[in-house]
Every structure is written in structure tokens, then in C-alpha cells.
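Single-letter residue listing:
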Amino acid sequence: MATFLYKLGRLAFRRRHFVALIWVALLTLAGVGAASAPPAGNTSFSIPGTEAQKAFDLLEQRFPGASADGATARVVFKAPGGQKMTDAGNKATVQKAVKELSDGSEVASVADPYTGHAVSKDGTVAYTSVKYKVSGMELEDSSRTALKDTAQHARDAGLTVEIGGDALSAAPETGATEVIGIAIAAVVLVITFGSLLAAGLPLLTAIIGVGIGVSSVTALASALDLGTTTSTLASMIGLAVGIDYALFIVSRYRGELAEGHSREEAAGRATGTAGSAVVFAGLTVVIALVGLSVVNIPMLTKMGIAAAGTVVIAVLIALTMIPALLGYAGRKVKPAGEKSRLLGGGRAAKKPARTNMGTRWASFVVRRPVAVLLLGVVGLGAAAVPAASLELGLPDDGSQPVSTTQRRAYDLLSEGFGPGFNGPLMVVVDAKKSADAKAAFTEVTDDIKGLKDVVTVTPAQPNKAGDTATITVIPNSKPSSTTTEDLVHAIRDAGSGIKDKTDAEVLVTGSTAMNIDVSQKLNDALFPYLALVVGLAFLLLIVVFRSVLVPLKAALGFLLSVMAALGAVVAVFQWGWLSGLMGVEETGPVMSMMPIFMVGVVFGLAMDYEVFLVTRMREAYVHGEKPSQAVVTGFRHGARVVTAAAVIMIAVFSGFIGSSESMIKMIGFGLAIAVFFDAFVVRMAIVPAVLALLGRRAWWLPAWLDRALPNVDVEGEGLRVHDSRRPDPDEDREPALA
């Protein structure tokens, strides 16, 4: 591996024009594809194998033309103080609005609130439901404009009007914090390298990689039904790992220059050693992201594969474009220990009399491993305590900022009709095999009325064939409550008895039931997913480190950091700690996909630091150093760069906390805090402490397994055969920056 990547790095260095041309061409091609592709919208949501999805599919079959997947809007009206919606003037305004809404070419139906019993008991709130023929992503801008204009006309007449539903859904905005995150990354790189040019290379290549990845996702969004969230997450992860991977190769290149190697040789050696770590670190991230497909939720699978594709691009760019750009930069990228003239350098810095901070910290940990280990484990355990109260759900309009019309519509409906009105349950009765369909419909309706937490049960609405009917059930509690979840299970349990008596099948669907099924499916898939991803990565790390205990320690450390991160997410987004600082306006259940998504992404990123840091330790160990000294050597060479990489990744992820999309905000915070825990507590404290306690046993591998495993040579042992200090024929010529 190291020898192949060494040759690849030297080839890219020499043929830099060709390499740069290839990547610029790919970026242009992806950009043209993205520009000419239809815009992405909200990806369609399906959960194969669940009752809610089965009911949804049945509705499409038995109620043809009903546009079961069409966009919806609820236009909510509230009368001025002291008036009612049944007053003549207000009623005329609403009926005029209903007529305006009906004129749209994409509108399938509009319900009149006065004939559809959509006026609150106190008469102050009314609503009309608008059903569209097309989904939210296909809805024309003219239809959205007409919806907004109608609401404004009613406001001008004196009513309070808000709009809920998915018809007005828009792409999430990340705000200025994302740019701030990139700016922080730039500052960290400048401090790390002492050179503006060296700092700019990782940023440039990461941006190119993300540009290719996100443009490709955008180009394929319509064909593959990829939502805006998919491209946002791909850019988040791609940018973070792209900067980190390039950072490690550039840092190793400067270290090789400081040892006296020619520039081409240094580029080859940096690609062969640090590049090998990049390959295996990237593989762990890809395994974790692609492994999300085992959950069998199409949206999650697409998110994982799109992000994994961006990671693959980041790895390929780090291995090829970084050496090529180093060739363009020439002497402007200084050896380690030198600064650029702009930053006060211009001459080689004298070796410092005292050791660097990484060496001092590692020496302290090696002397006090038990104390450091206990402190790290207890600290992470304390941070993980809130995770015991984890409640899962999916965001709805109630989690939107109060500044949005969707949230205000949600609140008005809760005020006028009760909290459960925002999460109606749709009961589908399949009586095709029943001898008396009408009797089955009546029995289901009566049984549901007798259940607790039920406010309203509408009469059964049969299809034209009369063999299937829908019943709408309004719970007494809000959609995300455990009481509503219990009601869904109670209806399903009652349906089992009805099927035995009437041969009619009862299914519960709707957004609330769908959310409940998603949470259950994700809970069921979490441990199999953990076993698959951790198992595959464990085998991969055995090959990398040629050790059993080091990969085991890496996996256990990851579990500590991810549990602590989940605890922090619960504390902020569910309990409300520091919610104002994070811009969380509404606390509630943690997004259902958060635990499994965090496990996937954080595991991959955690293994990045494990590979980058511990490979330097193993490199020192196989070259003859004692185990404790190898730990110190690994920190002397890697701690500064790993710290910079972690700060960069935290800054990039934190930039997404400013997103208007609650899911993106939560993922950004969760990943940022997880990287903090994993990099600075697990990898910087627990890992050296454990290795110091294990000594030579850390690198133990059964002889039979040692013979069976392939030798991937991550440490670059095979590069020792190369004469690395011969002068480079191009050394005296300054390559032009291009």
C-alpha cells in the first residue's frame, strides 16, 4: 500500500498539470450537470415493511386519483378579538379565500370549513385544507405564490391567517455560521503550518471535492429523489474530512522536507505514509455511511451513500491533487519549523530547547495512566447520563421556529381544536375479504370511539368499490407525546380482534403513525447496525495495526464518546439546557434518525483520529522504540496535527448549528460535540493511557493471524529501500503557481 501510494504521489507531483486538469474537468462537468438539473425538493418518505407504509400503499391502490402523495396546505384563520369566524363578514372573507384557492391548476381539492366542520367550538378559529395534485417538490412556484397571496388578501380583510403543511416547505438555510466555521478552519490551518499557502491547500482541495460531490448530488437529485438535506449533509461531512485528509498529507510533506528529502521525494513519502492512513480512515467512514442502508429506510440510505461518495472524492483528491499542488507551490511550502516571510519567517527556525506540548502531554499520561484513564471515563460517563432519558420522534411544524407561518398555524390549530389536531391518525379499513363491509366499518368506528385519548372519530369514508374506507381519528394529546403513541398501538391491538370477527384488516397511518414506525424501526436496527459497522471496521483496523487489543480499545472508546454526545444532544434539544444559545426555540423528542446517524458518522470520524495518531505510534514501535516511548513519539509527530484537524472539524460542524432546519441543526451540534469528546478525551487521553498500561501487549497478534493477514505496510517500511536524499533535478527551479 505505502509503496503504491508513494509512486502515485511522485507521479502526481511530476504530472501536476495533467492531474489538475482532470479535477478541474470533473468539477466543471459536475457543475454543468447541477446547473441543468431540476431543483431538489423534500425527498419522498417511505418506510418499507411498516404498517403505516402498507396502509399508504393500499390507499394509492383503492383510492385512485386521490393524490395520496400530493402536497397539502392548511390555511388557518382566526377572528379578531371579540368576533367569531361565523360572523357574516368573516365568513364571506373565508369563502372568498376558498374560491381563490380552488382556481389553481395544480389544486386537487379545497375544503369549505363551514360545510366540513372545520370551525372551532368557540368559533374563533377555522381552517381550510388544500390538497394538490403533485408532491411538494414538484409544486410550481406560481402555486406557492397564489397560496401566499390568498392568505394576504384575508389578512388585509382583518383576519389572522397562517399556513401549515408541506406546500410551503423550502430548502434549509445554514446562515452565516457555516462561513464562520470555514473561516475558523482557515485560521487554524495558518497557525498550524505558519504559512498562508500551505494553509490554503487543504481548504482549496476540500472545497473542490465538496463542489464535485454536492454538484453530483444536485445533478442526480431529481432522478434519484434526493432531498435538500442529502446535499447539505454531504457537504458537511465532505468538507470536514476533505480538510482533515489534506491537512495530514501536507503536514507529513513538511516533516519529510525537514528531514532533508527532495520535494518530489517528500511528496511521495507523505502520500505513501500519511496517504495510507487517509485511505484506511476514509474506508472506515465509507463503511459506516454505506452501512446505514441496513436500516432499510430509503431516505437514510441515500443520505449515507451520498455522503460516502463525497468522502471517496475527498480521499482521491488528497492522494492526487495535494501532491500536484505541492509541485506547483515549490519552495513556497516550507519545511516543518519554518514560517513564511509574510508571517515573520524567512529563515529556518532554531530547534526549540524544550519539547512541544504533545510530547509533554504524552509523557504526563505515560507517567499517570490510571488517573488519566479514570478521569476520562468518569467524565464521559457523566456526560452520557442524560442519554438515559432519550425520547425519539420526527420533527413536525411544532418544532419550527415561532417566526415561521407553519409554526404559527400549528399553534393556532392547537389553540382552537386541541393539541392532537396537528397529528390526526388515519385508520384504513380493508374489508375486501369481509362478508359485510359496512358492518365492519361501523364496528371499527365504534371500537375506536371507546378508546382513551380519543377526541373525535369521523364517519367512515368508503371508496367507490365500497371495500375500503378511511376513518380520521383526532387524539387528545400532541403528535410527539407518548400518549398518542399508546393510542396508535391501542387501535392496532383492537384491529387484531376485529379481523378475527369480520375478516377486515385495520391499518393505522398518517404522519404521526409514520413517525412512530420510523422510531421503532430505527431502534430495532441500531444494534445490528452497530455490530455490522463496528465488526467490519474492527477487522479493517486489525489489518492496519496488526493488533487485536488496539482495535478493541478503539471501538470501546468510540462507544464512550458517542454515548456522551447523545447525552449532550438530549440535554440541549430535549431538556432545553443552553437552548437559547443554540437557537433551539422548541424542545422535544430527539430526531429518530439521530442516534443511528450519529453512530455511523462519528464512528467513521473517530477512526480517522485513531488511524492518524496510532499509526505514528506503531511506526515508531516497529522501528525499534519501546512501547511507552512510541506513544510519546506518536504524540510528538501527530498531536498538533490531530488537534488542528479536530478543531477544524468541530468548526465546520458547528457552522451548521445556524441552519433553519431543525434536523440539520441537531446533527451539526451532535457531530461537533462528538468530535470534541472523541478527539480530546478519548484519543488524546484515554488512548495513550490504555496503551501505556498495556505496553507490548497492545501490539500482540496471534502468530497464525499474523501469517494470514495481508501486509498493507501503513508505516511505510517498504519505503526505506529508496534513497531519499538524492538532489532533485528540479530543486533549483521555482515552479510557477498555477
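Being a predicted model, the structure only gives us computed values, none of them experimental.

Q: Would you mind showing me how to read the overall build of the chain here?
A: Scanning the chain from terminus to terminus reveals 22 helices and 11 strands. For the chain, the residues scored as buried account for 55% of the 738 residues in total. Counting contacts in the chain only where the partners sit at least 6 residues apart, residues at least 24 apart contribute 80% of the total. Roughly 31,000 Å² of accessible area belongs to the chain as shown, and the carbon and sulfur atoms make up 60% of that amount.

Q: Honestly, the environment of Ala199 in this entry has me stumped. Any pointers?
A: Within the fold, Ala199 resides in helix H7 (residues 196-224). A relative accessible area of 2% places Ala199 in the buried class. Between the C-alpha atom of Ala199 and that of Ala186, which follows or precedes it by 13 residues, the distance is 6.7 Å. In this structure, Ala199 is in contact with Leu189, Val190 and Phe193, ignoring residues within four places of it in sequence.

Q: Where do I start with the sheet that holds strand S4 (residues 160-165) in this structure?
A: Whenever strands of a sheet pair, they do so through backbone hydrogen bonds, lying parallel or antiparallel. Taken in spatial order, the 4 strands line up as S2-S3-S1-S4 in an open sheet, and their pairing is antiparallel. Two strands close off the open sheet at either side, each with one partner strand: strand S2 (107-110) and S4. Going across the sheet, the axis of each strand differs from the next one's by a mean of 20°, ignoring polarity. Sheet topology places strand S1 (residues 72-78) next to strand S3 (residues 125-132); 7 bridges connect them, and they run antiparallel. Across the sheet, Thr72 pairs through a bridge with Lys131, a residue of S3. The sheet contacts of helix H5 (residues 141-156) involve S1, S3 and S4, and relative to S4 the element is tilted by about 155°. Sitting on the sheet, helix H13 (residues 405-417) is in contact with S1, S3 and S4, with an inclination near 105° to S4.

Q: Can you walk me through the environment of Ala568 in this structure?
A: Structurally, Ala568 can be placed in helix H17 (residues 549-574). For the pair Ala568 and Ile673, spaced 105 residues apart in the sequence, the C-alpha separation amounts to 7.6 Å. Contact partners of Ala568, with chain neighbours within four places excluded, come to Ala383, Phe669 and Ile673.

Q: Got a minute to help me understand the packing of aromatic side chains in this structure?
A: Aromatic ring pairs are described here by two measures, namely the spacing of the ring centres and the angle between the planes. Enumeration according to the criterion identifies 9 aromatic pairs in this entry. One aromatic cluster is present, formed by Tyr127, Phe417 and Phe421 through successive ring pairs. Seen from the ring of Tyr114, Lys91 lies directly overhead, with NZ or CZ sitting 5.2 Å from the centre.

Q: Explain unusual backbone geometry to me, please; I cannot follow it from the model alone.
A: We note that Asp503 has phi near 65°; this positive angle belongs to a residue other than glycine. Along the chain, Asp503 turns up in the loop between helix H15 (482-502) and strand S10 (505-509). Since its relative accessible area comes to 47%, Asp503 is described here as partly exposed. For Arg546, which is not a glycine, the phi torsion comes out positive at approximately 50°.

Q: Looking at this structure, I do not really get the nonpolar core. What am I missing?
A: Generally speaking, nonpolar side chains in soluble globular proteins are found buried as a group. Ranked by internal contacts, the top residues of the largest apolar core, which has 169 residues, are Tyr245, Leu300 and Phe558. Among residues more than four places away in sequence, those in contact with Tyr245 are Val278, Ala281, Gly282, Val285, Val311, Ala314, Val315, Ala318, Asp608 and Phe612. In terms of nonpolar packing, the next biggest core, distinct from the first, is built from 25 residues, Ala71, Ala97, Ala154 and Leu159 among them.

Q: When you look at the pairing of strand S9 (residues 468-475) in this model, what are you seeing that I'm missing?
A: Along any regular strand the residues' side chains alternate between the sheet's two faces. Of all 8 residues that make up S9, 7 are buried, and the element is covered over most of its length. For strand S6 (residues 425-430) and S9, the ladder comprises 6 bridges, and the chain directions are antiparallel. By the bridge assignment for S9, Val428 is matched with Thr470. As judged from the 3 bridges shared by strand S7 (residues 454-457) and S9, these two strands associate in the antiparallel manner. The residue bridging Thr456 from the neighbouring strand is Ile474, located in S9. In this structure, strand S8 (residues 461-462) lies alongside S9, joined through 2 bridges in antiparallel fashion.

Q: What is the right way to read the packing of H17 against helix H21 (residues 662-694) from this model?
A: Any two packed helices are characterised by how steeply their axes cross, that is the angle between the axes, and by the distance between the axes. In contact at an axis separation of 8 Å, H17 and H21 are set at 145° when each is read in the N-to-C sense. The way H17 lies across H21 gives a crossing that is right-handed. A per-class count over the contact of H17 with H21 returns 22 nonpolar, 3 polar and 4 charged.

Q: In this structure, what is going on with the confidence of the model for the chain? I would like to understand it.
A: Detailed reading of the predicted coordinates is not advisable wherever pLDDT is low. Summarising the model, the chain shows a mean pLDDT of 82, and 88% of its residues fall at 70 or more. At the level of individual helices and strands, the chain shows its lowest average pLDDT in helix H18 (residues 579-582), which scores 74, and its highest in helix H12 (residues 369-384), which scores 94. Overall, residues 723-727 carries pLDDT values under 50, and its contacts beyond four positions in sequence, including any with other chains, amount to 8 contacts. Per-residue pLDDT stays below 50 along residues 729-738; that stretch engages in 17 contacts with residues further than four places along the chain or on separate chains.

Q: Looking at this model, I keep getting lost on a nonpolar patch on the surface. Mind explaining?
A: On the surface, Val294, Leu532, Leu536 and Leu539 cluster together to form a nonpolar patch covering roughly 330 Å² of accessible area. Taking relative accessible area as the criterion, Val294 reaches 42% and is therefore assigned partly exposed.

Q: Looking at this structure, I do not really get the pattern of salt bridges. What am I missing?
A: Pairs may arise between side chains of opposite charge once their charged atoms sit close together. Across all of its chains, the model carries 19 salt bridges by this definition. The closest approach of N and O atoms between Arg269 and Glu265, which form a salt bridge, is 3.0 Å. Here Arg269 and its partner Glu265 are both found in helix H9 (residues 263-290), 4 residues apart, which amounts to about one turn of the helix. Of the residues examined, Arg269 reaches a relative accessible area of 12% and is grouped as buried. A salt bridge links Asp411 to Arg407; the shortest N-O distance between them is 3.2 Å. Within this pair, Asp411 and its partner Arg407 are both found in helix H13, separated by 4 residues, close to a single helical turn. A relative accessible area of 33% places Asp411 in the partly exposed class. Overlapping salt bridges, with partners in common, bring together Arg10, Arg14, Glu264, Glu265 and Arg269 in one network.

What counts as what
Residues numbered from 1 in each chain as written. Predicted model: local features only at pLDDT ≥ 70, side-chain atom pairs only at ≥ 80, totals over all residues. Heavy atoms only, no water. Helix = DSSP H or I, 4+ residues; strand = E, 2+ residues; numbered from the N terminus. Buried < 20%, exposed > 50% of the residue type's maximum accessible area, 1.4 Å probe, protein only. Contact = heavy atoms within 4.5 Å. Areas by Shrake-Rupley, 256 points an atom, 1.4 Å probe, with all protein chains shown as cover. Pairing = 2+ DSSP bridges. Axes fitted to C-alpha atoms, helices over the stretch in contact; angles between N-to-C directions. Phe/Tyr/Trp six-rings, centres within 6.5 Å; stacked < 30°, edge-to-face > 60°. Lys NZ or Arg CZ within 6 Å of the ring centre and 35° of its normal. Core = buried A, V, L, I, M, F, W, Y, C linked by side-chain atoms within 4.5 Å. Left-handed = near helix turned anticlockwise from the far one by under 90°. Nonpolar A, V, L, I, M, F, W, Y, C, P; charged D, E, K, R; others polar. pLDDT = per-residue confidence, 0-100. Patch = residues over 30% accessible without salt bridge, like charges linked within 9 Å, V, L, I, M, F, W, Y side chains within 5 Å. Salt bridge = Lys/Arg side-chain N within 4 Å of Asp/Glu carboxyl O.

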